[in-house]
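Chain by chain, the residues:
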Amino acid sequence: MITYALMFAIACYAVALLFNLYRIVIGPGVTDRILALDTMAINAIALLVLFGIWEGTAIFFEASILYAMTGFVATVAYAKFVLRGDIIE
Amino acid sequence: MELFWEIVIAALLVIGGFFGLVGSFGLVKLPDPMTRLHAPTKAATLGVGAVLIGSMVYFAAFKGNLSLHELMITLFLFLTAPITAHFIAKANILRDWRADRLPPPEGAGDWAIYTPAADTSALELLEVEEADKEAAREAAQAAARVAAEEGGSEADRS
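Everything numeric here is computed off the predicted structure, so don't read it as measured data.

J.: It is not clear to me how the overall build of chain A should be interpreted in this structure. Could you clarify?
T.: From N to C terminus, chain A includes 3 helices and 0 strands. Reading chain A from its N end, one meets helices and strands in the order α-α-α. What you see for chain A is a C-alpha radius of gyration of 15 Å, clearly larger than the 12 Å of a compact globule of 89 residues, by over 25%. Referenced to the eigenvectors of the C-alpha coordinate spread, the extents of chain A come out at roughly 50 × 30 × 10 Å. For chain A, long-range pairs separated by at least 24 residues make up 43% of all intrachain contacts whose partners lie at least 6 apart in sequence.

J.: Is there a simple way to explain the overall build of chain B in this structure?
T.: Each helix and strand counted, chain B has 5 helices and 0 strands in total. Start at the N end of chain B and walk to the C end: the helices and strands fall as α-α-α-α-α. Residue burial in chain B is summarised as follows: out of 158 residues, 26% are buried. For chain B, contacts bridging at least 24 residues in sequence account for 49% of all contacts bridging at least 6.

J.: Sorry if this is basic, but what is going on with the packing of helix α2 (residues 30–55) of chain A against helix α3 (residues 40–61) of chain B here?
T.: A packed helix pair is summarised by two numbers, namely the angle formed by the two axes and the spacing between the axes. Packing of α2(A) against α3(B) brings their axes to within 10 Å, and their N-to-C directions diverge by 15 degrees. In terms of orientation, α2(A) and α3(B) fall into the roughly parallel class. Here α2(A) and α3(B) pass one another in a crossing that is left-handed. Between α2(A) and α3(B), the residues in contact are A:Leu35, A:Asp38, A:Thr39, A:Ile42, A:Asn43, A:Ile45, A:Ala46, A:Val49, A:Leu50, A:Gly52 and A:Ile53 and B:Pro40, B:Ala43, B:Ala44, B:Gly47, B:Val48, B:Val51, B:Leu52, B:Ser55 and B:Tyr58, respectively. Considering only residue class, the contact of α2(A) with α3(B) consists of 14 nonpolar, 5 polar and 1 charged.

J.: Would you mind showing me how to read the environment of B:Asn92 here?
T.: Here B:Asn92 lies in helix α4 (residues 69–96). Distance from B:Asn92 to B:Met34, taken between C-alpha atoms, is 7.8 Å for residues 58 residues apart in sequence. Setting aside residues up to four positions removed in sequence, B:Asn92 forms contacts with A:Thr31, B:Pro33 and B:Met34.

J.: When you look at the interface of chain A and chain B in this model, what are you seeing that I'm missing?
T.: A common way to report how large an interface is uses the accessible area buried once the components associate. Facing the 44 residues of chain A at the interface are 47 residues of chain B. Among the secondary structure elements, those contributing two or more residues to the side of chain A that touches chain B are α1 (2–26), α2 and α3 (60–84) of chain A. Looking at which element gives the most residues to the side of chain A that touches chain B, the answer is α2(A), with 16 residues. Looking at the side of chain A that touches chain B residue by residue, the classes come out as 31 nonpolar, 9 polar and 4 charged.

J.: Explain α2(A) here, please?
T.: Its 26 residues give α2(A) an end-to-end C-alpha distance of 37 Å, which sits within 8% of 38 Å, the value for a rise of 1.5 Å per residue. Just downstream of α2(A), A:Gly56 is the residue with a positive phi angle, here 75 degrees.

J.: Quick question: what am I supposed to make of the packing of α1(A) against α2(A) here?
T.: Residue and element names in this part refer to chain A. The interhelical angle for the contact between α1 and α2, taken along N-to-C directions, is 160 degrees, at an axis separation of 9 Å. Between α1 and α2, the angle falls in the class roughly antiparallel. At the point where α1 passes α2, the crossing takes the left-handed sense. Residue-level contacts link Leu-6, Ala-9, Ile-10, Tyr-13, Ala-16, Leu-17, Asn-20, Arg-23 and Ile-24 of α1 to Asp-32, Arg-33, Ala-36, Leu-37, Thr-39, Met-40, Asn-43, Ala-46, Leu-47, Leu-50, Ile-53 and Trp-54 of α2. A per-class count over the contact of α1 with α2 returns 15 nonpolar, 3 polar and 3 charged.

J.: What should I look at first to understand α4(B) in this one?
T.: Side chains that are three or four residues apart share a direction in an α-helix, a result of its 3.6 residues per turn. Taking 1.5 Å as the rise per residue, α4(B) with 28 residues should run 40 Å; its terminal C-alpha atoms sit 39 Å apart, in good agreement. Largest kink in α4(B): about 30 degrees, centred on B:Thr80, with the proline B:Pro82 one to four residues after it. Every buried residue of α4(B) is accounted for by B:Glu70, B:Ile73, B:Thr74, B:Leu77, B:Thr80, B:Thr84, B:Phe87, B:Ile88, B:Ala91, B:Asn92 and B:Ile93. Residues of α4(B) that are buried sit in contact with α2 and α3 of chain A together with α2 (33–36) and α3 of chain B.

J.: Please explain the confidence of the model for chain B as it appears in this structure.
T.: Do not read the fine detail of predicted coordinates wherever pLDDT is low. In this model, chain B carries an average pLDDT of 83, and 88% of its residues clear a pLDDT of 70 or more. Quick note on the complex model: pTM equals 0.75, ipTM equals 0.87.

J.: How do you make sense of the confidence of the model for chain A when you look at a structure like this?
T.: Across chain A, pLDDT averages 89, with 99% of residues at or above 70. Considering each helix and strand of chain A separately, the mean pLDDT is smallest for α3(A), with a value of 89, and largest for α1(A), with 92.

Reading guide: rules and limits
Residues numbered from 1 in each chain as written. Chains lettered and ligands numbered in written order. Predicted model: local features only at pLDDT ≥ 70, side-chain atom pairs only at ≥ 80, totals over all residues. Helix = DSSP H or I, 4+ residues; strand = E, 2+ residues; numbered from the N terminus. Rg over C-alpha atoms; globule rule 2.2 N^0.38 Å. Contact = placed C-beta atoms within 7 Å. Buried ≥ 20, exposed ≤ 12 C-beta atoms within 10 Å, placed from the backbone. Axes fitted to C-alpha atoms, helices over the stretch in contact; angles between N-to-C directions. Parallel < 35°, antiparallel > 145°, perpendicular 65-115°, else oblique. Left-handed = near helix turned anticlockwise from the far one by under 90°. Nonpolar A, V, L, I, M, F, W, Y, C, P; charged D, E, K, R; others polar. Expected span 1.5 Å × (residues − 1). Bend = angle between axes of the 7 residues up to and from the residue. pLDDT = per-residue confidence, 0-100.

As structure tokens, then:
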């Protein structure tokens, strides 16, 4: 049962990543693309955790923590660059 | 007992996957950037939260080691989601909105996004100084007027 639930969740997040990619390609504004990239990082975290359950190892949590941190910093840096024209003032 | 945990984990994973899909579908479906900002919060909190709790229950029930890394990831996402949303909303206001479409902010000055320096306290100080100067000028004019009237009446008397 867990296997099927895992397959369902992985399929859901894969389709979600495709939706985000669509928004990055089509998205009419810069902020839409920033938001889609942020959501992509969050979906990648979920996919990494699901893959960790699939493999039965706890080593992917470190990777997902790294993804969470770099995703946050990247989003803030993009938004800051759009806002001020500079990242570190 | 094993079946119970399996049901719990499967339910959490299905809920997580569903909300992740809903969040990204909202990102595609919703009409304008400010409403699009609303959709991925579901994926960030409910979706990833349910997946992480499911993973925690899985490793506690079947692998026998309870790890609290997942709670750390959840906490980090809950802390950072409002900050990123705030930054993206500010960038969106700066790029896509005109200043006259926004309601005026309280107090003196404009919205911090449209002013080069976000700190408006110097502007307020300048206004207070201007008001003081205006009051002093008015007081001097009134005093001069009173003096002139007195001088005029004295001239009449003489």
